[in-house]
Amino acid sequence: MNETKKVRISKRLSLHLRHAPDQIGITLGPGGWVPVEELLSALARHGLTLTRADLDEVVATSDKKRFAFDDTGTLIRANQGHSVEVDLDLPVTAPPAVLYHGTVDRFLPAIEQDGLKPMQRHHVHLSPTVDTARAVGARRGKPVILRVDAAAMAAAGFEFRVSANGVWLADTVPPTYLTRL
Ligand code: HQG
């Protein structure tokens, strides 16, 4: 499969497994899981016909491991990034001492005031490395990297979770734990 087709399929999967399942008439089950067969036929009804092998290829080669099958291979979900209500059932996990968040200049006044908020998503997304944070920020312009004192937050009782693809998730990051790199 060529890269363009992969990206097109990946974007459709993100759309329906994170944000708009109802647009193709599916419902996310507990944990955000959807039967693979149901997803494939719903996509086919809405103009995107792909085989199970196509889907396997997209899931296996997704640069960010955005999607996962369950142990039986019959269910699929997005690993993170949802805007629809879904409980991913991820355990609270001790974070590394420092995490990073990539953003852009224009959000800084609001972030200095309110801290990091989930905005349209369920969680604030934090990166374990500066490089990843830079890539996340660069989606919106010239990236600005914020350093998150995760050790201090954890000591103060804030909870962290980590998605299957290594994105650290928090409910919020108050401004006092943020420093600009
Ligand atoms: C900003 C992609 C104003 C925040 C990426 C960000 C990531 C505030 C934007 C994943 C704010 C939200 C997530 C506040 C935060 N006031 N702006 N108080 N608090 N912001 O897309 O972290 O390709 O929801 O800095 O690679 O950019 O989808 O979050 O700029 O992993 O798999 O509000 O999305 O992954 O934007 O990106 P987003 P994000 P995927």
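The structure under discussion appears in the preceding block.
Please read these numbers as outputs of a predicted model, since none were measured by experiment.

Calculation rules
Residues numbered from 1 in each chain as written. Predicted model: local features only at pLDDT ≥ 70, side-chain atom pairs only at ≥ 80, totals over all residues. Heavy atoms only, no water. Pairing = 2+ DSSP bridges. Helix = DSSP H or I, 4+ residues; strand = E, 2+ residues; numbered from the N terminus. Axes fitted to C-alpha atoms, helices over the stretch in contact; angles between N-to-C directions. Contact = heavy atoms within 4.5 Å. Core = buried A, V, L, I, M, F, W, Y, C linked by side-chain atoms within 4.5 Å. Buried < 20%, exposed > 50% of the residue type's maximum accessible area, 1.4 Å probe, protein only. Near = heavy atom within 4 Å. Polar contact = N/O pair within 3.5 Å; in protein donor to acceptor, adjacent residues only side chain to side chain. Areas by Shrake-Rupley, 256 points an atom, 1.4 Å probe, with all protein chains shown as cover. Nonpolar A, V, L, I, M, F, W, Y, C, P; charged D, E, K, R; others polar. Salt bridge = Lys/Arg side-chain N within 4 Å of Asp/Glu carboxyl O.

Chemist: Please set out the sheet that holds strand β6 (residues 143-149) residue by residue, giving values where relevant.
Modeler: Within the open sheet, the three strands sit side by side as β4-β6-β9. Their pairing is antiparallel. In this open sheet, the two edge strands, each paired with only one partner strand, are β4 (98-104) and β9 (178-180). Strand-to-strand twist across the sheet, computed as the mean angle between neighbouring axes with direction ignored, equals 35°. Judged from the three bridges that link them, β6 and β9 form a sheet pairing that is antiparallel. Across the sheet, residue V148 finds its bridge partner in β9, namely L178. Relative to β4, helix α5 (residues 130-138) is tilted by about 20°, and along the sheet it contacts β4 and β6.

Chemist: Would you mind going over the nonpolar core in detail, with residue names and values included?
Modeler: By size, the foremost hydrophobic cluster in this structure holds 20 residues, and its most contacted members are L13, L17, L39, L55 and I76. At the level of elements, α1 (3-19), α2 (36-45), α3 (52-61) and β3 (75-78) are the ones that each hand at least two residues to this core. In terms of residues, this core owes the most to one element, α2, which gives five residues. Setting aside its immediate chain neighbours within four residues, L13 contacts R18, L39, L43, L55, V58 and F67. Of all hydrophobic cores here, the second largest spans 17 residues; its members include V124, L146, A150 and V173.

Chemist: How would you explain the pairing of β3 if you had to name every residue and give the values?
Modeler: As judged from the two bridges shared by strand β1 (residues 34-35) and β3, these two strands associate in the antiparallel manner. Pairing of V34 across the sheet is with I76, part of β3. Inspection of the sheet shows strand β2 (residues 67-69) paired to β3 by three bridges, in the antiparallel sense. If you follow F67 over to β3, its bridge partner there is A78.

Chemist: Go over the pairing of β6, please, and point to the residues and values.
Modeler: Direction of pairing for β4 relative to β6: antiparallel, over a ladder of seven bridges. When the sheet's bridge partners are listed, Y100 is paired in β6 with R147.

Chemist: Explain the environment of V58 to me, and be specific about the residues and the numbers.
Modeler: Inspection of the secondary structure assignment puts V58 in helix α3. Taking C-alpha positions, V58 is 8.4 Å from V7, a pair spaced 51 residues apart along the chain. Setting aside residues no more than four positions away along its own chain, V58 makes contact with M1, K6, I9, S10 and L13.

Chemist: Explain the site of the ligand to me, using residue names and the numbers behind them.
Modeler: Within the structure, the ligand sits among 18 residues, and R18, K64, H101, T103 and R140 are positioned closest to it. One nitrogen or oxygen atom from the side chain of R66 is found 3.0 Å from an oxygen atom belonging to the ligand. Across the complex, the protein chains shield 88% of the 780 Å² of accessible surface that the ligand would expose by itself. Listed by contribution, the elements that provide at least two residues to the shell around the ligand are β4 and α4 (108-114). With three residues, the single largest contributor to the shell around the ligand is α4. Its residues assigned to classes, the shell around the ligand shows six nonpolar, four polar and eight charged.

Chemist: Tell me about the pattern of salt bridges, and please be specific about residues and values.
Modeler: Enumeration over the complete set of coordinates arrives at seven salt bridges. A salt bridge links E3 to K6; its shortest N-O distance comes to 3.7 Å. With E3 and K6 both in helix α1 and three residues apart, the pair spans about one turn of that helix. A relative accessible area of 53% places E3 in the exposed class. Note that R52 and D56 form a salt bridge whose closest N and O atoms lie 2.9 Å from each other.

Structural measurements only, silent on function.
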